[in-house]
Amino acid sequence: MCVLFDANVEICGVKRIFLSLCLHILVVITANAQLQALCLPASATCRVLPRFSEMEMDMLRAGLVNVKAYLPDAILDIRYATDSNFVGVNVYGAYNKCYLQKDVAIKLQKADSILKRFYPGWKMVLYDCARPVSAQQILWDSLDVPIEEKGKYLSNPQNKSVHNFGAAVDLNLADANGRYLDMGTDFDYFGQEAYPFMEKHYFHTGLFGQKQMENRRLLRQIMTLAGFRGVPHEWWHFNSCSREEARENYTIVE
Ligand SMILES: [Zn+2]
């Protein structure tokens with residue numbers, strides 16, 4: 001009885017030591033894993049590895065929100081994060097997301113829900129959202145049109161743009177099969193065919209058909225109903241407020 005008791009105690013004792021050792025090893029492994037996540041290899045001092053790109057950190061510092069949290073099914077086609085744009089190079093580096101002011105993201109969510117009410121399964125295609133002034137400068141310098149024409153397509157970085165405050169969005173729509181709507185021109189087409197106020201002219205000349213007219217009208221309608229305003233020279237661009245209001249209410253992303 002006594003031996004058995006001793007043996008039990010001893011077994012329990014061994015188990016306790018074993019468990020204790022296991023627990024200790026687990027703590028060491030976990031701590032090491034955390035250190036590996038937080039430290040650069042072969043670095044004498046630890047420093048936190050960035051979880052976000054520098055540009056995304058700038059967005060977060062300015063109080064902007066990731067639009068994916070508000071429109072989970074939106075198609076991100078952030079052209080300035082690729083070389084498929086008028087500059088021909090990626091001007092956003094590792095950043096390829098859509099950040100906006102929170103109230104603007106909520107407004108866009110409203111536009112998306114209006115779209116889905118009439119066209120279930122359709123999605124928004126986001127070309128560009130908040131844009132740092134530094135990127136605006138690169139685009140401005142690269143825009144190959146006469147200087148007096150530049151202001152039609154981009155805000156002068158010195159005057160700032162509503163995009164710089166995270167209060168403007170460039171977008172298209174995609175149908176239930178993921179096909180982008182035909183708007184007559186691509187995003188960032190720098191010609192009169194992109195001008196909303198010239199649509200009727202191009203419809204009468206036969207360049208645009210009924211479909212392109214309807215597609216552009218649909219985009220404008222859902223955005224306007226949600227509280228956005230279009231601009232005269234770009235069918236894809238919508239402001240949530242004026243530049244003056246943005247300057248008053250929001251932090252700029254430099
Ligand atoms: Zn724009």
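Small disclaimer: the values here were computed from a predicted structure and weren't measured.

**Focus on the sheet that holds strand β2 (residues 75-76)**
Right, so step 1: Spatial strand order, β2-β4-β5-β7-β6: five strands in an open sheet with mixed pairing. The open sheet has two edge strands with one neighbour each: β2 and β6 (229-230).
Right, so step 2: Summarising the sheet, β6 and strand β7 (residues 237-239) pair through two bridges and their orientation is antiparallel. If you follow R229 over to β7, its bridge partner there is N239.

**Considerations on the environment of F197**
Right, so step 1: Within the secondary structure layout, F197 lies in the loop between β5 (168-174) and α6 (199-205).
Right, so step 2: We classify F197 as exposed; it has 11 C-beta atoms within 10 Å.

**Quick word on the nonpolar core**
Right, so step 1: Of all hydrophobic cores here, the largest spans 48 residues; its most connected members are V67, Y99, L100, L126, C129, A167 and V169.
Right, so step 2: Elements with a minimum of two residues in this core: α2 (54-61), β3 (99-100), α3 (102-118), β4 (123-128), α4 (133-142), β5 and α7 (210-226).
Right, so step 3: By residue number, the principal contributor to this core is α3, which donates five residues.
Right, so step 4: Once residues lying within four places of it in the same chain are set aside, the contact partners of V169 are L100, L108, L126, C129 and F238.

**With respect to α7**
Turn by turn, an α-helix covers 3.6 residues, leaving residues three or four places apart pointing in a common direction.
Right, so step 1: Helix length check: α7 (17 residues) gives 24 Å between terminal C-alpha atoms against 24 Å at 1.5 Å per residue, within 8%.
Right, so step 2: Those residues of α7 that fall on the buried side of the exposure criterion are Q212, N215, R216, L219, I222 and M223. Within α7, the buried residues cover an arc of 135 degrees as seen down the axis, which keeps them to one side. More than 90 degrees from the buried face of α7, the exposed residues found are Q210, E214, R217 and L225.
Right, so step 3: Where α7 is buried, its residues meet α3, β5, α6, β6 and β7.

**Topic: unusual backbone geometry**
Right, so step 1: Positive phi values are uncommon outside glycine, yet K160 reaches one of about 70 degrees.
Right, so step 2: By secondary structure assignment, the location of K160 is in the loop between α5 (147-153) and β5.
Right, so step 3: Backbone geometry places D188, a non-glycine residue, at a positive phi of 60 degrees.
Right, so step 4: With respect to the helices and strands, the residue D188 is situated in the loop between β5 and α6.

Thresholds, definitions, all that
Residues numbered from 1 in each chain as written. Predicted model: local features only at pLDDT ≥ 70, side-chain atom pairs only at ≥ 80, totals over all residues. Pairing = 2+ DSSP bridges. Helix = DSSP H or I, 4+ residues; strand = E, 2+ residues; numbered from the N terminus. Buried ≥ 20, exposed ≤ 12 C-beta atoms within 10 Å, placed from the backbone. Core = buried A, V, L, I, M, F, W, Y, C linked by C-beta atoms within 7 Å. Contact = placed C-beta atoms within 7 Å. Expected span 1.5 Å × (residues − 1). Arc of directions from axis to C-beta.

Functional significance is not addressed by these values, which are geometric in nature.
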